[in-house]
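A closer look at the structure
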Amino acid sequence: MRYLQHLSLLVLLSLFIGCTPTPNLPQNDDEGATSALYERTFEANIPNIALQNLFFTQMPKGGDLHHHYSGSIYAETYLEWVKNNDWFIDTCSFKIVKAKGGETCKIVTVDQLIADDTLYRKLLMLWSDKDFDNHSHNQLPPDSNFFNTFGYFSPISDQYMDVGLNIIKQRALNENVSYIESMLSRIGINSSEFFNTDEVKMFNNELRHATTQEEVNALLDRISAVYTRNQAFSAKVQNFVTELERRHEGIDTANFTMRYQTYAIRVLDPLQVYTDLLAGYKAVLSSPLIVGVNIVAPENNTVAINDYTLHMRMFNYLVSKYPQVPHSLHAGELTIGMVEPKELLFHITQARKIAGANRIGHGVDLAYEKESLSLLKELKEYAAVEINLTSNEFILGVAGSEHPYSIYAAYGVPIIISTDDSGVSRANLSHEYVLLASRYHPSYATIKKYVYNSIDYSFLTPAEKAKVRAQLDKKFVVFEKEMSTLAKSLK
Ligand SMILES: [Zn+2]
């Protein structure tokens, strides 16, 4: 009897299997077929980069969260703007000259410059990273070459910002990017407008000699009080907001959203750094377009190194006053040999544990940090890391297995793939995904997770995130269908 029961169960089971449609094989399942196509790019000994380029150019990429506005515009565009203004280029320094007269070296128009191939190529090398690696020429250290570019195009970058934002938007749409969170600029309030020379000196000195969070807080209370009671401070913040709202007109559409961070420059004096941060926090509070605050410029600069902990304490103070304002911090954009070993011990740790950063930009020196183990735990729980592979390779010389990406990924720290300065680097977000895939071979599911992270860890409101996420779901359906079709056509 038991045998019969067993037999009938087997019959039933086989009948059931016979009636059931074949379980989804990868080729019948668009997501599976897309994943299989991605894996196919690794079948040869060398990853098929061309196919990865195609794959990631088409793939929806969600948001680019570590994005500098002026560093994202290509030098060619800046030259067009110089031409529009009837400005010139100095053929010795390759700097912008706004008017004739007083020059010590020959100046040329943009058309004359472009007509001279040697001059034009030289300018492109100084205004971006172009041709830095592919032939021998006199050149600066890569980090200097990179950061110096901003000095060349800064006279023109803000004037055409509304045009620039549209160029960035169009480029994003062309490579299936739905959201950009761009670091735009300082608010532009100078501390010297509110404090006399002696006061500036005194506050800079006292801030640099403050050894505890409490001492820093007491000084920042005094500085903030001056700004709070002076109407001109909030008026200047409001002017910045109004101007940005004008420039932003027409940028947001059904399938594209752009938001902005403002920042302080970490190589400036402490009073100016705090002024920029406070103004930035106020701007976030007064406009939904400005969603976060950051701190930028080379982290290995002498002032940046000496004032690092002070800057983190400034954020700590501001977080206590304005906990609702998110902030992402450039931290750990350093490596061995670039600075003294003691400087590698604590930057990401303090950015998270003192400054309470919601996101870490770069985070490259992780492996050298003294508290790296507890830091990983903290980051996994409370923050995300913005990974910028092209930028890290160029500025720091850190790439491949030396990059801490693998540690962050294995530990489960939320990862976001971003560009940093795609105009200077002459790359784009798709290229960053190609580098990620070809170097580290994460699964397609993991890559999709990073794409969704770029919305989930953005500084959009919950409602905005839900909207962009829903768009992303639809875009992935289309993409996976296309990749499934492509896979069938490839031999
Ligand atoms: Zn950056």
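Here, the structure is the one placed above.
The paragraphs below set out a description of the structure included in this document. (Residues numbered from 1 in each chain as written. Predicted model: local features only at pLDDT ≥ 70, side-chain atom pairs only at ≥ 80, totals over all residues.)

Next up on the list: the overall build of the chain. In terms of regular secondary structure, the chain is built from 23 helices and 11 strands. Computed over the C-alpha atoms, the radius of gyration of the chain is 26 Å, within 12% of the 23 Å expected from 2.2 N^0.38 for a compact globule of 491 residues. Referenced to the eigenvectors of the C-alpha coordinate spread, the extents of the chain come out at roughly 100 × 60 × 45 Å. Sorting the 491 residues of the chain into buried and exposed places 43% on the buried side. Look at the contacts in the chain between residues 6 or more apart in sequence, and 76% of them connect residues 24 or more apart. (Helix = DSSP H or I, 4+ residues; strand = E, 2+ residues; numbered from the N terminus. Rg over C-alpha atoms; globule rule 2.2 N^0.38 Å. Buried ≥ 20, exposed ≤ 12 C-beta atoms within 10 Å, placed from the backbone. Contact = placed C-beta atoms within 7 Å.)

Attention now moves to the pairing of strand β9 (residues 359-362). As paired strands, strand β8 (residues 328-331) and β9 are joined by four bridges and run parallel to one another. For Ala331, the partnering residue across the bridge sits in β9 and is His362. Taking the sense of rotation as the criterion, the β-α-β connection linking β8, helix α16 (residues 347-353) and β9 turns out right-handed. Both β9 and strand β10 (residues 384-387) contribute to a ladder of three bridges, which runs parallel. Along β10, the bridge assignment pairs Gly361 with Glu386. At this point the chain moves from β9, through helix α17 (residues 372-382), to the parallel β10, and the crossover so formed is right-handed. (Pairing = 2+ DSSP bridges. Right-handed = clockwise from strand over helix to strand, strands pointing away.)

Membership of the largest hydrophobic core comes to 103 residues, with the highest contact counts inside it found for Leu277, Met314, Ile360, Val385, Ile415 and Ile416. Per-element tally for this core: the top contributor is helix α13 (residues 270-286), with nine residues. In this structure, Met314 is in contact with Val216, Leu220, Val273, Tyr274 and Leu277, ignoring residues within four places of it in sequence. (Core = buried A, V, L, I, M, F, W, Y, C linked by C-beta atoms within 7 Å.)

What follows is about the pairing of strand β6 (residues 257-265). Among the nine residues that make up β6, eight are buried, leaving the element largely enclosed by the rest of the structure. For strand β5 (residues 179-185) and β6, the ladder comprises six bridges, and the chain directions are parallel. Bridged to Met183 within β6 is Gln261. Each parallel crossover has a hand, and for β6 linked through α13 to strand β7 (residues 290-296) it is right-handed.

Between helix α5 (residues 75-84) and helix α8 (residues 142-157), the shortest axis-to-axis distance is 10 Å and the interhelical angle comes to 45 degrees. Here α5 is positioned oblique relative to α8, judged by the angle of their axes. The hand of the α5/α8 crossing is left-handed. Facing α5, whose interface residues are Tyr78, Trp81 and Val82, α8 presents Phe153, Ile156 and Ser157. Across the contact of α5 with α8, the residue classes tally to five nonpolar, one polar and no charged. (Axes fitted to C-alpha atoms, helices over the stretch in contact; angles between N-to-C directions. Parallel < 35°, antiparallel > 145°, perpendicular 65-115°, else oblique. Left-handed = near helix turned anticlockwise from the far one by under 90°. Nonpolar A, V, L, I, M, F, W, Y, C, P; charged D, E, K, R; others polar.)

Strand order in this open sheet of four strands is β1-β5-β6-β7, and the pairing throughout is parallel. Across the chains shown, the open sheet's two edge strands, defined by having one partner strand only, are β1 (63-68) and β7. The mean angle between the axes of side-by-side strands here comes to 25 degrees, regardless of whether they run parallel or antiparallel. As paired elements, β6 and β7 share six bridges and run parallel to each other. Pairing of Ala264 across the sheet is with Ile295, part of β7. Helix-sheet contacts for α13 involve β6 and β7, and the interaxial angle to β6 is about 155 degrees.

Bringing the sheet that holds strand β2 (residues 88-90) into the picture now. To summarise the sheet geometry, strands pair through backbone hydrogen bonds and adopt either a parallel or an antiparallel arrangement. With respect to topology, three strands assemble into an open sheet ordered β3-β2-β4, the strand pairing being antiparallel. One side of each edge strand has no neighbouring strand; the edge strands of this open sheet are β3 (96-97) and β4 (107-108). Relative to β4, β2 runs antiparallel, the two being bridged by two bridges. When the bridges of β4 are listed, Asp90 appears paired with Ile107.

With that settled, consider unusual backbone geometry. Here the phi dihedral of Phe94 falls at roughly 60 degrees; this positive angle occurs in a residue that is not glycine. Its place among the elements puts Phe94 in the loop between β2 and β3.

The subject of this paragraph is helix α10 (residues 197-209). In a regular helix each residue adds 1.5 Å, so 13 residues correspond to 18 Å; α10 covers 18 Å between its end C-alpha atoms and thus fits that length. Of the residues making up α10, those classed as buried are Phe203, Asn204 and Leu207. All buried residues of α10 project into a common sector of 100 degrees when viewed along the axis, lining one side. Turned more than 90 degrees away from the buried face of α10 sit Thr197, Asp198 and His209, all of them exposed. Looking at the buried residues of α10, the elements they touch are α11 (213-229), α13 and α15 (308-321). (Expected span 1.5 Å × (residues − 1). Arc of directions from axis to C-beta.)

With that out of the way, let us pick up the environment of Trp81. With respect to the secondary-structure elements, Trp81 resides in helix α5. The spacing of Trp81 and Val110 is 29 residues in sequence and 9.5 Å in space, taken between C-alpha atoms. In contact with Trp81, not counting residues within four places along its chain, are Ile156, Gln159 and Tyr160.

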